[in-house]
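# Residue-level structure breakdown
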Amino acid sequence: MAELYQTQRAMRNIRRAALQRGVIGILDIGTSKIACLVLRFDGTGTFRETDGVGPMAGQANFKVIGAASTRSRGMRRGEIDVMAETERAIRTVVAAAQKVAGVRVDQVIACLSGGRPTSYGLAGEITLEAGRVHDHDVARVLAACDAPDYGRGREVLHAQPVNFAVDNRSGLGDPRDHVGNKLACDMHVLTVDGDVIGNLIQCIRRCDLELAGIASASYASARAALVEDEQELGSACVDFGGGGTGVSIFVKKHMIFADTVKIGGHLITQDIAQGLRVPLPVAERLKTLSGGVEATGRDDRDMLDLGDAATGWEVDRRSVSRADLIGIMRPRVEEILEGVREVLDAAGFDSMPSQQIVLTGGGSQIPGLDGLAARILGPNVRCGRPLRIDGLAHQFTDPGFSSAVGLALFAAHPQDEWWDFEMPAESYPSRSLRRAYRWFKNNW
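One structure accompanies this document, and this report is about it. Given the structure is predicted, the values throughout are model-derived calculations rather than measurements.

## Re the overall build of the protein
Counting its regular elements, the protein contains 12 helices and 18 strands. Looking at the protein as a whole, 55% of its 444 residues are labelled buried. Here the contacts in the protein between residues at least 6 apart in sequence split such that 71% fall between residues at least 24 apart. Counting only carbon and sulfur atoms, one obtains 48% of the accessible surface of the protein, whose full area is about 20,200 Å².

In structure tokens, the structure reads:
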């Protein structure tokens with residue numbers, strides 16, 4: 001934990017330096033595609049007391065000056081499978097984005113969609129020595145949150161304070177200068193497999209790039225697809241990716257839960273390839289151009305020529321109806337939505353004041369998905385597109401690029417995290433070591 005704390009602080013310092021220089025890269029490394037955005041910043045902005053309690057909070061003006069995407073290689077279920085293939089794809093997309101931008105990119109922020117994410121809710125409480133909340137009191141209460149045993153090989157990806165309370169006054173976003181006797185904090189911690197993070201860091205270093213931050217793909221997609229009211233009142237974002245489906249829940253503009261359903265759009269493509277006995281590129285094209293989940297009477301007469309489904313593949317002269325294609329896709333889509341329903345039930349989403357569900361990601365563009373999701377997940381379902389940011393080309397504004405846009409917002413407007421604060425010397429993670437040393441000295 002101590003090593004992780006220092007690593008995250010070092011990445012924050014790298015990010016701050018990159019923002020001061022004015023250029024930083026965004027890498028969305030997914031199972032189906034890899035996207036790169038080059039951002040130019042006019043300045044790091046001015047800190048405003050109302051924006052948050054961390055030193056990184058504030059506003060920054062930025063513009064997208066370069067963007068590129070390529071087919072992902074060497075990835076499996078959101079994790080790196082073949083390092084050399086993924087490195088080649090990253091080098092290709094970064095070089096293309098740099099060519100468009102006309103500048104060199106040395107620091108990048110990447111997102112992670114695999115790694116078996118697990119959410120924890122931590123709580124801490126301290127007594128205020130001066131009767132008023134100071135900056136060091138915020139660091140003390142974060143250090144007072146007792147962390148559970150995350151398991152062997154697990155690493156903390158996000159650790160965000162989501163609520164502060166002074167005495168009986170809860171729901172405070174910034175508790176500084178409040179008068180009281182006790183300060184309490186609720187913190188959300190998201191852990192992932194440490195080896196997955198290690199492989200990502202190693203791959204980016206092999207591309208001669210410096211990592212300035214890592215974020216969860218579910219978190220980044222929600223930052224881009226949820227509007228301000230949805231983040232405030234409580235909503236769930238479902239990110240339909242190629243290797244998996246990410247689920248995140250936001251309340252009071254903070255993520256309080258995240259998980260992944262290990263079924264994505266690639267499995268739907270495999271079902272089509274096996275059901276129709278066609279190559280995977282043909283199946284992907286059929287899914288993209290003619291797929292759906294709601295069959296009508298007209299779909300029985302709408303015939304699809306498999307020989308024309310992909311350029312250069314004219315051996316097969318068969319034709320299938322669109323209703324047959326929908327019949328193959330719908331069971332798998334229903335399975336994904338049922339998995340999302342189980343995740344939301346486990347998170348207690350039914351007790352939320354607002355039960356809005358937003359669908360995003362490349363798979364959310366399947367025709368009829370919103371209607372099917374409304375029957376399985378609940379009536380308040382809509383399809384979300386990422387927020388428009390300055391300079392972003394139109395082809396990068398569809399739901400498949402929500403993670404990339406969310407990472408850009410994450411770089412410009414970061415939320416406060418545990419490592420943004422100067423921890424006291426006796427705080428966790430060194431606290432347990434100090435207790436062991438005291439016990440050893442007293443008994444021996």
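## Some points on the side chain of Gln231
Here Gln231 lies in helix α6 (residues 228-233). With near-sequence residues (within four places) excluded, Gln231 lies in contact with Ala222, Arg223, Leu226, Phe250, Val251, Lys252 and Lys253.

## Observations regarding the packing of helix α5 (residues 217-225) against helix α11 (residues 402-412)
It is the contact of α5 with α11, at a shortest axis distance of 7 Å, that shows an interaxial angle of 85°. Considering the angle they form, α5 stands roughly perpendicular to α11. Packed against α5, whose contacting residues are Ala217, Tyr219, Ala220, Ser221, Arg223 and Ala224, the element α11 presents Ser402, Ser403, Val405, Gly406, Leu407, Leu409 and Phe410 at the interface. For the contact of α5 with α11, the per-class residue count stands at 8 nonpolar, 4 polar and 1 charged.

## Overview of the sheet that holds strand β9 (residues 169-172)
One open sheet holds the 4 strands; their spatial order is β7-β10-β8-β9, and the pairing between them is antiparallel. Looking at the sheet topology across the chains shown, the edges are occupied by β7 (118-127) and β9. Taking each pair of neighbouring strands and ignoring which way they run, the sheet shows an average axis angle of 30°. Relative to the sheet, helix α4 (residues 194-206) contacts β8 (154-166) and β10 (182-193), its axis offset from that of β10 by approximately 70°.

## Points about helix α2 (residues 83-101)
Helix length check: α2, at 19 residues, gives a terminal C-alpha distance of 27 Å against a target of 27 Å (1.5 Å per residue), a fit within 8%. Positive backbone phi, approximately 80°, marks Gly102, located one or two places after α2.

## A short note on unusual backbone geometry
Here the phi dihedral of Arg116 falls at roughly 50°; this positive angle occurs in a residue that is not glycine. Take Arg116: it is sitting in the loop between β6 (107-112) and β7. Relative accessible area serves as the criterion here: at 44%, Arg116 is assigned to the partly exposed category. Located in the positive-phi region is Arg277, a residue other than glycine, with phi close to 55°. Within the secondary structure, Arg277 is located in the loop between α7 (265-276) and α8 (280-290). Arg277 sits in the exposed class, given a relative accessible area of 61%.

## Looking at the sheet that holds strand β18 (residues 381-383)
Strand order in the open sheet formed by 5 strands is β14-β13-β12-β17-β18, and the pairing between neighbours is mixed. At either end of the open sheet lies a strand with only one pairing partner, and these are β14 (254-261) and β18. Here the strands of the sheet are splayed against their neighbours by 20° on average, with no regard to which way each runs. Of the strand pairs in this sheet, strand β13 (residues 245-251) and β14 are connected by 7 bridges, and their pairing is antiparallel. Of the residues in β14, the one forming a bridge with Ser248 is Ala258.

## With respect to the nonpolar core
Formed by 41 residues in total, the largest nonpolar core has its most connected members in Ile24, Leu39, Phe62, Ile109, Ile389 and Leu407. Per-element accounting of this core gives the leading share, 8 residues, to α11. Three or more residues apiece are contributed to this core by two domains, here domain 1 (1-118 + 195-226 + 387-444) and domain 3 (228-386). Those residues in contact with Ile24 that sit more than four places away from it in its chain are Arg15, Ala18, Leu19, Leu37, Val38, Leu39, Phe41, Val105, Gln107, Ile109 and Ala212. Counting residues in hydrophobic clusters, the runner-up holds 40 residues, among them Val251, Met329, Val333 and Leu369.

Scoring rules and cut-offs
- Residues numbered from 1 in each chain as written.
- Predicted model: local features only at pLDDT ≥ 70, side-chain atom pairs only at ≥ 80, totals over all residues.
- Heavy atoms only, no water.
- Helix = DSSP H or I, 4+ residues; strand = E, 2+ residues; numbered from the N terminus.
- Buried < 20%, exposed > 50% of the residue type's maximum accessible area, 1.4 Å probe, protein only.
- Contact = heavy atoms within 4.5 Å.
- Areas by Shrake-Rupley, 256 points an atom, 1.4 Å probe, with all protein chains shown as cover.
- Axes fitted to C-alpha atoms, helices over the stretch in contact; angles between N-to-C directions.
- Parallel < 35°, antiparallel > 145°, perpendicular 65-115°, else oblique.
- Nonpolar A, V, L, I, M, F, W, Y, C, P; charged D, E, K, R; others polar.
- Pairing = 2+ DSSP bridges.
- Expected span 1.5 Å × (residues − 1).
- Core = buried A, V, L, I, M, F, W, Y, C linked by side-chain atoms within 4.5 Å.
- Domains from an automatic or database assignment.

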